[in-house]
Amino acid sequence: MVWFKRAFWLLGVVVAVAALIWFVWPRPVPVDLATTTLGPMQVTIDEEARTNLRHVYTVTAPVTGIVLRIANPDGTAGEMSVHVSDHVIAGETVVAVLQPMPPALIDARSRQELDAAATAADAAVQLAEAEVMRMAATLQLARDNLTRAETLSTTNAGSAKSLEVARTDVAVNEAGLASAKAQTDVRRSEAEAARARLDPATAISPNDPDCCIKLRAPASGVVLAINQESEGIVQAGTPLLKIGDPTDLEIVADLLSTEAVKVKPGAAVVIDGWGGAPLKGTVVRVEPNGFVKISALGIEEMRVRTVIDLVDPPQDWSTLGNDFRVIVHISLWDTASALTVPVAALFRKGDDWAVFALRDGRARTTVVELGHRNERVAEVQSGLVAGDEVILHPNDRVADGVAVAQREVQ
């Protein structure tokens, strides 16, 4: 019985020691692993961009007036009814109609003043007509005197001077009569203008060919936007609508100035993020003038406008329009074969780059020499070979010589 108790206690001690050893025995650190690969690599600048029509024509009001409703819901306005996305033809399609401004309403005091002005104008007409009658009588008397002077001159009873004076009087009075008649016309016109200011405002029919200004499309394309849909009074120069050709599309990316200096005209571009298949493009120009743009975090950034042309045919991007959002990937460098390692595996070791490579189940610090890199991978020029496994996002538990194991994916 004694030996049984001793064996029981001995077994308990052995189990306890084994459990303690198992508990304190170092276990492999679970990590995420990636494999270095040999394949194509590309360095790009990735940026949000927008589509832009190269030529947008804005139709403005040439004079102050009343613009008729441009977009009628029922489409009953005939040639003056256009809507957004309607096709227009340069010089043919009427896109807006302007009517003259009606006269202003007259208050009681102004009406009294206009009535007095009209009365004065009528009196001036009567005065001018009386002057015409006086000048006509004076001219008739001068002509009679000229006739008598000519008769006396033929019989040598009158002097040559008297004849000359008579002829001068006729010429002077004829000019006076013409002046009086012209003055009468002026006074009548002034009287008509005074009475016109008293006329009430009358509606003008748009069917009257002499009443309105019909604005025609300056270029062929589609209506992009209507700034003034409803009828109303507009000042000269007011934008009414915009017209553009949807197939004349380019892409504009506002790049950071530090990235724009790396981009050269002719660089290949991949366009995606617009809702369709990726498109091909090419950089046309990088503008020399920068500008300040506030980022989403409120930081002032120097940006440079970069213009990109679409290479694919228009039918591949026919659903794209003006000011649509896209993502551009501008190529800076590419190769068909490069040894690459994920950027997530890299860390600094002094002035060098290094990774934790998996060697016989343990992490080994390996210094690497890098070439080009992008947001996902970096080109390895020395330190690793294709097929090497490296640790991604190493934490503080990973060190040189520490046992590691692939993390189990749940």
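Residues numbered from 1 in each chain as written. Predicted model: local features only at pLDDT ≥ 70, side-chain atom pairs only at ≥ 80, totals over all residues. Heavy atoms only, no water.

Chemist: Just give me the short version of the overall build of the protein, but keep the residues and values in it.
Modeler: Scanning the protein from terminus to terminus reveals four helices and 21 strands. Split into buried and exposed, the 410 residues of the protein put 33% on the buried side. Summarising the internal contacts of the protein: among those between residues at least 6 apart in sequence, 76% fall at separations of at least 24. Summed over its atoms, the accessible surface of the protein is roughly 25100 Å², and 56% of this surface lies on carbon and sulfur atoms. (Helix = DSSP H or I, 4+ residues; strand = E, 2+ residues; numbered from the N terminus. Buried < 20%, exposed > 50% of the residue type's maximum accessible area, 1.4 Å probe, protein only. Contact = heavy atoms within 4.5 Å. Areas by Shrake-Rupley, 256 points an atom, 1.4 Å probe, with all protein chains shown as cover.)

Chemist: Outline the sheet that holds strand β4 (residues 65-67), listing residues and values.
Modeler: The four strands lie next to each other as β7-β6-β4-β9, forming an open sheet whose pairing is antiparallel. Where the open sheet ends on each side, the last strands, each with one partner, are β7 (213-216) and β9 (232-234). On average, adjacent strands in this sheet sit at an angle of 35° to one another, irrespective of strand direction. Inspection of the sheet shows β4 paired to β9 by three bridges, in the antiparallel sense. Residue pairing in the sheet places Gly-65 in a bridge with Val-234 of β9. (Pairing = 2+ DSSP bridges. Axes fitted to C-alpha atoms, helices over the stretch in contact; angles between N-to-C directions.)

Chemist: Which residues make up the sheet that holds strand β5 (residues 87-88), and what are the values?
Modeler: Across the sheet, four strands lie side by side as β3-β10-β8-β5; this open sheet has antiparallel pairing. Both edges of this open sheet fall to β3 (56-60) and β5, since each of them pairs with a single strand only. In the sheet, strand β8 (residues 221-226) pairs with strand β10 (residues 239-244) via four bridges, with the strands oriented antiparallel. The residue of β10 that forms the bridge with Val-223 is Ile-243.

Chemist: Which residues make up the packing of aromatic side chains, and what values do they have?
Modeler: Counted according to the given criterion, the structure contains one aromatic pair. Over the aromatic face of Trp-353 sits the side chain of Arg-373, whose NZ or CZ is 5.2 Å from the ring centroid. (Phe/Tyr/Trp six-rings, centres within 6.5 Å; stacked < 30°, edge-to-face > 60°. Lys NZ or Arg CZ within 6 Å of the ring centre and 35° of its normal.)

Chemist: Talk me through the pattern of salt bridges; I want residue IDs and the actual numbers.
Modeler: A complete count under the given rule lists 18 salt bridges for this structure. Of the charged contacts, one joins Asp-32 and Arg-407 as a salt bridge, the two residues approaching to 3.2 Å between their closest N and O atoms. In this pair, Asp-32 sits in strand β1 (residues 29-35) while Arg-407 sits in the segment after β21 (404-406), placing the two residues 375 residues apart along the sequence. Here the salt bridges do not stand alone but share partners, grouping Arg-54, Asp-248, Glu-250 and Asp-309 into one network. (Salt bridge = Lys/Arg side-chain N within 4 Å of Asp/Glu carboxyl O.)

Chemist: Break down the side chain of Asp-388 for me, citing the residues and quoting the values.
Modeler: For Asp-388, the position within the fold is in the loop between β19 (377-382) and β20 (389-392). At a separation of 3.5 Å, a polar atom in the side chain of Asp-388 contacts the side chain of Arg-359. Look past the residues within four positions of Asp-388 in its chain and what remains in contact with it is Ala-34, Thr-35, Thr-36 and Arg-359. (Polar contact = N/O pair within 3.5 Å; in protein donor to acceptor, adjacent residues only side chain to side chain.)

Chemist: Give me helix α2 (residues 108-154): which residues, what numbers.
Modeler: Across its 47 residues, α2 extends 69 Å between first and last C-alpha, which sits within 8% of the 69 Å expected from 1.5 Å per residue. Within the sequence span of α2, burial applies to Leu-114, Ala-118, Ala-121, Val-125, Ala-128, Val-132, Met-135, Leu-139, Ala-142, Leu-146 and Ala-149. (Expected span 1.5 Å × (residues − 1).)

Chemist: Describe the pairing of strand β2 (residues 37-53), listing the residues and the values that go with them.
Modeler: As defined by bridge partners, β2 adjoins strand β15 (residues 325-342) across 13 bridges and the pair is classed as antiparallel. Looking across to β15, one finds that Thr-44 is bridged to Ser-331. Pairing geometry for β2 and strand β11 (residues 249-256), over five bridges, is antiparallel. Its bridge partner being in β11, Leu-53 is matched across the sheet by Leu-249.

Chemist: Run through a nonpolar patch on the surface, naming residues and quoting values.
Modeler: A cluster of nonpolar side chains, namely Val-292, Ile-294 and Met-302, defines an oily patch on the protein surface of about 270 Å² accessible area. By the element assignment, Ile-294 lies in strand β13 (residues 279-294). (Patch = residues over 30% accessible without salt bridge, like charges linked within 9 Å, V, L, I, M, F, W, Y side chains within 5 Å.)

Chemist: I'd love a proper account of the confidence of the model for the protein, names of residues and values included.
Modeler: Averaged over all residues, the pLDDT of the protein equals 84, while 87% of them reach at least 70. Note on residues 75-79: pLDDT under 50 across the span, and four contacts to partners over four residues away in sequence or across chains. (pLDDT = per-residue confidence, 0-100.)

Chemist: Mind laying out the nonpolar core, listing which residues take part and the relevant values?
Modeler: Ile-251, Ile-271, Val-326, Val-328 and Ile-330 are the most contacted members of the largest nonpolar core, which totals 23 residues. The set of elements that each furnish at least two residues to this core consists of β2, β11, β12 (268-272), β13, β14 (300-310) and β15. Every residue in contact with Ile-271, bar those within four places of it in the chain, is listed here: Ile-251, Ala-277, Pro-278, Leu-279, Lys-280, Gly-281, Leu-310, Val-326, Ile-327 and Val-328. With 18 residues, the next largest nonpolar core counts Ala-71, Val-82, Val-88 and Leu-241 among its residues. (Core = buried A, V, L, I, M, F, W, Y, C linked by side-chain atoms within 4.5 Å.)

Chemist: Could you give an account of unusual backbone geometry, with specific residues and numbers?
Modeler: Positive phi, normally seen in glycine, also occurs at Asp-323, with a value near 65°. Mapping Asp-323 onto the fold places it in the loop between β14 and β15. The backbone phi angle of Asp-360 is positive, close to 55°, even though this residue is not glycine. Take Asp-360: it is sitting in the loop between β17 (352-359) and β18 (362-373). Residue Asp-360 is classed as exposed on the basis of its relative accessible area, which comes to 82%.

Chemist: Describe the environment of Val-84, naming the residues involved and giving the relevant values.
Modeler: Residue placement: Val-84 occurs in the loop between β4 and β5. On the basis of relative accessible area, Val-84 is assigned to the partly exposed category, the value being 42%. When the C-alpha atoms of Val-84 and Ala-71 are compared, they prove to be 8.3 Å apart, with 13 residues separating the residues in sequence. Excluding its chain neighbours within four sequence positions, the residues that come into contact with Val-84 are Val-223, Leu-224, Ala-225 and Ile-226.

Chemist: Which residues make up the environment of Asn-52, and what are the values?
Modeler: Structurally, the position occupied by Asn-52 is in strand β2. Here Asn-52 falls in the buried class, since its relative accessible area comes to 15%. In this structure the C-alpha to C-alpha distance between Asn-52 and Asn-322, which are 270 residues apart in sequence, comes to 5.1 Å. With near-sequence residues (within four places) excluded, Asn-52 lies in contact with Asp-248, Leu-249, Glu-250, Val-252, Arg-305 and Asn-322.

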